[in-house]
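# Observations on the three-dimensional arrangement
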Amino acid sequence: MADFHKALADNRVYFFDGGYGTFLQSRGLPAGMSPELFGLEKPEVIRSVHDDYVKAGANVLTSNTFGGSAPKLGAGVDVRSLNREMALIARAAAGDNVFVAGSVGPTGHFIEPLGDLTFKEMVDIYRQQIGGMVEGGVDFILGETHFDLAEVRALVIAAREVCDLPVAISMTFESPQACLTGSSPQTFVDAMQNMGVDIVGTNCSAGPEQIYDVISSMRPRLSTPLLVEANAGLPELDENRETVFRLKPEPFAEQSARFLEAGAKFIGGCCGTGPDHIRALRNAVGDARWQRPVPEDDAQMVITSRAESVCIGFNHPGAIIGERINPTGKKVLSAELQEGRFTEALKFAGEQIDAGAPILDVNVGAPMVDETEILPALCKEIIGQHTTPLSIDSTNPDAVEAALWNYPGTPLVNSISGEPGRMDRLGPLCKKFGAPFILLPIIGSKLPFECKDKIEVTAKLLEQAEALGIPRRLIMVDALALTVSSKPMAARHCLDFIRHCKEEWNLPTVLGLSNVSFGLPARELLNSTFLTLCQGQGLCAFISNPNSARLRESLYSAEVLLARDKQAEKFIEQYSDWTPSAPSSGSGPKGDAGKKSGAETMFEAVVKGERGSIVDMVQAGLDKGRDPFDIVNEELIPAIMEVGEKYERKEYFLPQLLQSAETLQKGFDVLKPLLESSGKQEKKDVVIMATVEGDIHDIGKNIVCLMLRNHGFDVIDLGKDVPAQTIVETAVEKEARIIGLSALMTTTMVRMEDTIKLIREKNLDIKVMIGGAVITEGFCKSIGADGWSTDAVAAVKIAKELVQ
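A brief report on the enclosed structure follows. None of the values given here were measured: they were computed from a predicted structure.

What follows covers the overall build of the protein chain. For the protein chain, the helix and strand inventory stands at 31 helices and 25 strands. The C-alpha radius of gyration computed for the protein chain amounts to 28 Å, which stays within 12% of the reference 28 Å derived for 804 residues, consistent with globular compactness. Considered along the principal axes of its C-alpha atoms, the protein chain spans approximately 85 × 75 × 50 Å. Taken as a whole, the protein chain presents about 31700 Å² of accessible surface, with 49% of it coming from carbon and sulfur. Computed over 80 positive and 109 negative side-chain charges, the separation of the two mean positions in the protein chain equals 3 Å.

This part covers the pattern of salt bridges. Summed over the entire model, instances satisfying the criterion amount to 39 salt bridges. Between Asp-717 and Lys-701 there is a salt bridge, and its shortest N-O distance comes to 2.8 Å. Here Asp-717 is found in strand E22 (residues 714–717), whereas its partner Lys-701 is found in helix H27 (residues 699–710), with 16 residues between them in sequence. On the basis of relative accessibility, which here comes to 2%, the residue Lys-701 falls in the buried class. Residues participating in the shared-partner salt-bridge network are Arg-80, Arg-84, Glu-85 and Glu-135.

Before going further, it helps to spend a moment on the nonpolar core. Soluble globular proteins: nonpolar side chains tend toward being buried together. Membership of the largest hydrophobic core comes to 152 residues, with the highest contact counts inside it found for Ile-141, Phe-188, Met-192, Leu-511 and Phe-530. Residue contacts for Phe-530: discarding those within four places in its chain leaves Ala-481, Ala-491, Cys-494, Leu-495, Leu-511, Leu-513 and Val-516. By size, the runner-up hydrophobic cluster in this structure holds 52 residues, among which are Leu-636, Leu-654, Leu-664 and Met-769.

Reading around the barrel, the 8 strands line up as E13-E14-E15-E16-E17-E18-E19-E20 and close back on themselves, with parallel pairing between neighbours. Sheet twist, expressed as the average angle between the axes of neighbouring strands with direction ignored, equals 30 degrees. Where strand E18 (residues 475–478) lies against strand E19 (residues 509–512), 2 bridges are found, and the strand directions are parallel. Bridging from a neighbouring strand, Val-477 pairs with Thr-509 of E19. This element, helix H17 (residues 422–433), spans strand E16 (412–416) and strand E17 (437–439) of the sheet and lies at about 165 degrees to E16.

A few words on the environment of Phe-449. Tracing the backbone shows Phe-449 in the loop between E17 and helix H18 (451–467). Residue classification places Phe-449 among the partly exposed positions, given a relative accessible area of 22%. Put simply, Phe-449 and Lys-487 are 38 residues apart on the chain and 8.6 Å apart in space, counted from C-alpha to C-alpha.

All chains considered together, the criterion is met by 16 aromatic pairs. Note on Phe-23 and Tyr-53: the rings are 5.8 Å apart at their centroids and 70 degrees apart in plane angle, and the pair reads as edge-to-face. Of the two residues, Phe-23 sits in helix H2 (residues 21–25) while Tyr-53 sits in helix H4 (residues 43–56), which places them 30 residues apart along the sequence. Accessibility assignment for this pair places Phe-23 and Tyr-53 in one class, buried. Ring-pair connections join several aromatic residues into one group, and the members of that group are Phe-4, Tyr-14, Phe-16, Phe-99, Phe-140 and Phe-266.

Next up on the list: unusual backbone geometry. The omega torsion across Glu-112 and Pro-113 is 5 degrees, close enough to zero to call that bond cis. The topology assignment puts Pro-113 in the loop between strand E3 (99–104) and helix H7 (119–135). Residue Ser-415 is bonded to the preceding Asn-414 through a cis peptide linkage, with omega at 10 degrees. Tracing the chain through its elements places Ser-415 in strand E16. Residues other than glycine seldom take positive phi values, yet Cys-204 does so here, at roughly 65 degrees. Residue placement: Cys-204 occurs in the loop between strand E6 (199–203) and helix H10 (208–218). With relative accessibility at 15%, the residue Cys-204 sits in the buried group.

A few words now on the side chain of Asp-393. With respect to the helices and strands, Asp-393 occurs in strand E15 (residues 390–393). In this structure, Asp-393 is buried with no salt-bridge partner, the nearest side chain bearing the opposite charge being Arg-422 at 6.8 Å. A polar atom in the side chain of Asp-393 sits 3.4 Å from the side chain of Asn-363. Every residue in contact with Asp-393, bar those within four places of it in the chain, is listed here: Asp-361, Val-362, Asn-363 and Asn-414.

Attention shifts here to the environment of Cys-379. Within the fold, Cys-379 resides in helix H15 (residues 371–385). Under the relative-accessibility criterion, Cys-379 is labelled buried at 2%. Among residues more than four places away in sequence, those in contact with Cys-379 are Val-362, Leu-390, Ile-392 and Ala-403.

Rules behind the numbers
- Residues numbered from 1 in each chain as written.
- Predicted model: local features only at pLDDT ≥ 70, side-chain atom pairs only at ≥ 80, totals over all residues.
- Heavy atoms only, no water.
- Helix = DSSP H or I, 4+ residues; strand = E, 2+ residues; numbered from the N terminus.
- Rg over C-alpha atoms; globule rule 2.2 N^0.38 Å.
- Areas by Shrake-Rupley, 256 points an atom, 1.4 Å probe, with all protein chains shown as cover.
- Lys, Arg positive; Asp, Glu negative; His and termini not counted.
- Charge placed at Lys NZ, Arg CZ, Asp CG, Glu CD.
- Salt bridge = Lys/Arg side-chain N within 4 Å of Asp/Glu carboxyl O.
- Buried < 20%, exposed > 50% of the residue type's maximum accessible area, 1.4 Å probe, protein only.
- Core = buried A, V, L, I, M, F, W, Y, C linked by side-chain atoms within 4.5 Å.
- Contact = heavy atoms within 4.5 Å.
- Pairing = 2+ DSSP bridges.
- Axes fitted to C-alpha atoms, helices over the stretch in contact; angles between N-to-C directions.
- Phe/Tyr/Trp six-rings, centres within 6.5 Å; stacked < 30°, edge-to-face > 60°.
- Polar contact = N/O pair within 3.5 Å; in protein donor to acceptor, adjacent residues only side chain to side chain.

See the structure below:
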């Protein structure tokens, strides 16, 4: 049997199969029925589709398991058995010369704080599904059509816990800039490469020409084999009201062959493609060979959140790791952490981000603080409000692990030393979660002082890391700055060590900057001078207070002199009107640095998604005599409208949208009793929301429901897979003004017309708006709907227009 590990390393181009949904529908799949459950009833049909793709020249078959997770299949289905049976069918069709990919799609749920599942619960869901595929004989695990970085992290971890098969992850992007939850194609690649996946890719969402822009965005740091599967254009309804994709096999193949130029090793088709498309694609590519992508960006390390990547490297700007979220010497912060409150910590987070820190160190080590509970909880709050990547800082390995289980990207871990057992405990965890870490060159109780001592200790720790299979891209070395007041040569040895790490090991370095000046006056002066010297030797990052104007001045100046600030653009932007003054006078860079970061008004709290402060702000407004209706109409509603505008401008993405919506809801909950008891509250317009019969996808609908409630509608959510009769009967009973229908699949979108026909038959004055990824304006008009949208913000606007 062919070895997929060898296929990953050779220079061949491999061809995946094409779409299954519309193809199966042509062979008897009823509208709205799960392809996976259909496969159990009609295994011979699934086998025939696989056979057709093999005859067309596909080297890789995907198992009929895309929706084979427990949340998608529903109660009463043996998940493991179904996935095993579908994998066995694909395996039998593939024989010994064609590979089988175990297809794993989204569950339809988000991980906290965006949704209702914990990270571990998501991992368990995928473990069950993947376990069945492995028993069925798949060659590798393929996560496809995903749109949330946190969920694909769970998928990768589940796959690694279940088996040692290669893992491929393919995401779908709404635009070349980002997916639904705000991850750019580049950040997706960064996170997956940190986790060591074997293939990264993109599929669905668009035709070959549009998807090319997405893979171009992936290129700068791409070093992993690339998979690309485009649609045959976008779905349309033909004259028989059937979903069709218009792009024919030959132009599809011609356009998709260009993917090889961008580094694609695996190419195939998604929605609307069939065996003829794959056959044409093989002919268009011919005998072309694959060349492994060479990254254009030479970053030594990349740290990610869900939405941002921070590059650490010799040719990248020095990165400030903000040190302020640390209870040492901070009584207010310590007291709040002991009580499980995060107001002060979140204030420090905002201030440091405004001051320009691209990474925030998070440390909760204080007496009477359970770090295993508080560290992940605080990280969750910070990532709910900010997109800045975090550094998880704790001497407690259990706390570090707990935080890693709750982080949606690949954070920095601070740190792993030579303390007995620490590398063995944390090293494999960092590898598993793709978390870069700081290597602290200390073994035993003695601090290495001279450069040669640091080299010796670091070499031993690197040997330990290598023995655990930890890649160098996850390691940054702490240069270990010691105080010059007691050891005058400490700075010299530190500079020599930084240079050694760069020249001999090609490893980036970091240090706690303030240690060098301990016990001396004018510490900022010494720290900023030392920073410049270190940067000249190759220092890549430093842990410090980003609010220091003098440090920022030194940092920006050094970037110009080290030729890392092209045309001195950033320096000029920040200091074009600079005048000599003491740092205490407030001199510093322009922009956001120095301004108050926390929300000062209810409007700002909603816009920034500050859930922890909105309740107190609303109560304070009431205590001052403000009318609750004025708070709603002058603060909360304008704020959520501003959030919607930011979402439309792609300044905000789904996480920020949900965070702000939840913040508004918390504020509104305080006001609700007063509004209801006043007798002045107008009757709300009722909206009935439902996913159409046969469709079990409801993420988008749930978000629309939340936003409509935020904007004053009385929303009745009927859930998913709802018959048209039930929808219309409920609308009549509740005197609804609008019915909102959702569908994700091309096979179920046609059921939207059932509701519209019933409304016309009964001559009801009820408007219908529709939504979903596959919905178009042409489809909306063809079935007689009153409005359509593809996101929650647009849905709110349509609803308001329909009731006016």
